[in-house]
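Notes for the structure review
Chain residues, written in single-letter form:
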Amino acid sequence: MSKKVTKKEEAPAEEAKKEEVKPPKVEKARPEKKKKEERGVHALYKVEGEKVTRLRPTCERCGPGYFMANHQDRYTCGHCGFTRYKQVEK
Ligand SMILES: [Zn+2]
């Protein structure tokens with residue numbers, strides 16, 4: 001008969017050392033978060049009856065179908081990195 005091959009030679013207790021005692025979770029009173037922007041493609045369109053309006057500009061470089069991300073002062077394309085600054089009216 002074949003010898004018993006025990007590949008499972010576990011490292012001696014090293015894993016046990018890693019275990020740290022975590023302090024119990026303390027629930028903090030969080031400041032109210034800002035309302036998060038809607039995620040997903042549905043947030044980019046607005047359907048009015050039979051019309052669809054796109055709520056974000058599309059990338060000039062990539063063409064239609066590539067929406068630009070809405071930032072505070074600019075729009076950016078995640079595809080090519082194109083940035084367009086919003087016209088600030090003063
Ligand atoms: Zn682009």
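Residues numbered from 1 in each chain as written. Predicted model: local features only at pLDDT ≥ 70, side-chain atom pairs only at ≥ 80, totals over all residues. Heavy atoms only, no water.

**Some details on a nonpolar patch on the surface**
A cluster of nonpolar side chains, namely Val-41, Tyr-45, Val-47 and Val-52, defines an oily patch on the protein surface of about 370 Å² accessible area. The exposure class assigned to Val-41 is exposed, which follows from its relative accessible area of 60%. (Patch = residues over 30% accessible without salt bridge, like charges linked within 9 Å, V, L, I, M, F, W, Y side chains within 5 Å. Areas by Shrake-Rupley, 256 points an atom, 1.4 Å probe, with all protein chains shown as cover. Salt bridge = Lys/Arg side-chain N within 4 Å of Asp/Glu carboxyl O. Buried < 20%, exposed > 50% of the residue type's maximum accessible area, 1.4 Å probe, protein only.)

**Notes on the pattern of salt bridges**
Scanning all chains against the criterion turns up two salt bridges. Between Arg-84 and Glu-60 there is a salt bridge whose closest N-O contact spans 3.1 Å. On the criterion of sequence distance, the pair formed by Arg-84 in strand β6 (residues 83-85) and Glu-60 in the loop between β3 (58-59) and β4 (63-70) is long-range, its members being 24 residues apart. For Glu-60, a relative accessible area of 53% translates into the label exposed. Between Arg-74 and Asp-73 there is a salt bridge, with the nearest N and O atoms lying 3.0 Å from each other. Residue classification places Arg-74 among the partly exposed residues on the basis of a relative accessible area of 27%. What makes Asp-73 partly exposed here is its relative accessible area of 35%. (Helix = DSSP H or I, 4+ residues; strand = E, 2+ residues; numbered from the N terminus.)

**What about the coordination of the zinc ion?**
In the first shell of the zinc ion, the protein supplies Cys-59 (SG), Cys-62 (SG), Cys-77 (SG) and Cys-80 (SG), at 2.2 to 2.4 Å from the metal. Of note is the zinc ion, whose four donor atoms meet at the metal with angles of 104 to 118 degrees in an arrangement that counts as tetrahedral. Site description for the zinc ion: donor spacing in sequence, C-x2-C-x14-C-x2-C. Taken together, the positions of Cys-59 in strand β3 and Cys-77 in strand β5 (residues 74-77) put the pair 18 residues apart, joining distant regions of the chain. Cys-59 sits in the buried class, given a relative accessible area of 2%. (Donors = N, O, S within 2.8 Å, 3.2 Å for Na, K, Ca; no water. Tetrahedral: all angles 85-135°; square planar, octahedral: opposite > 155°, others 65-115°.)

**Re the environment of Arg-84**
Overall, the relative accessible area of 30% leaves Arg-84 in the partly exposed class. Each C-alpha atom of the pair Arg-84 and Cys-59 lies 9.0 Å from the other, and the pair is 25 residues apart in sequence. Once residues lying within four places of it in the same chain are set aside, the contact partners of Arg-84 are Pro-57, Glu-60, Met-68, Arg-74 and Tyr-75. Within polar-contact distance, the side chain of Arg-84 engages the side chain of Glu-60 at 3.1 Å. (Contact = heavy atoms within 4.5 Å. Polar contact = N/O pair within 3.5 Å; in protein donor to acceptor, adjacent residues only side chain to side chain.)

**Here's the deal with the pairing of strand β2 (residues 51-54)**
Direction of pairing for strand β1 (residues 45-48) relative to β2: antiparallel, over a ladder of four bridges. By the bridge assignment for β2, Glu-48 is matched with Lys-51. Between the end of β1 and the start of β2, which pair antiparallel, lie two residues, with Gly-49 showing a positive phi angle near 65 degrees. (Pairing = 2+ DSSP bridges.)

**Focus on the nonpolar core**
Nonpolar side chains in soluble globular proteins tend to be buried together. Counting five residues, the largest nonpolar core is built from Cys-59, Met-68, Tyr-75, Cys-77 and Phe-82. With near-sequence residues (within four places) excluded, Cys-59 lies in contact with Tyr-66, Met-68, Cys-77, Cys-80 and Phe-82. (Core = buried A, V, L, I, M, F, W, Y, C linked by side-chain atoms within 4.5 Å.)

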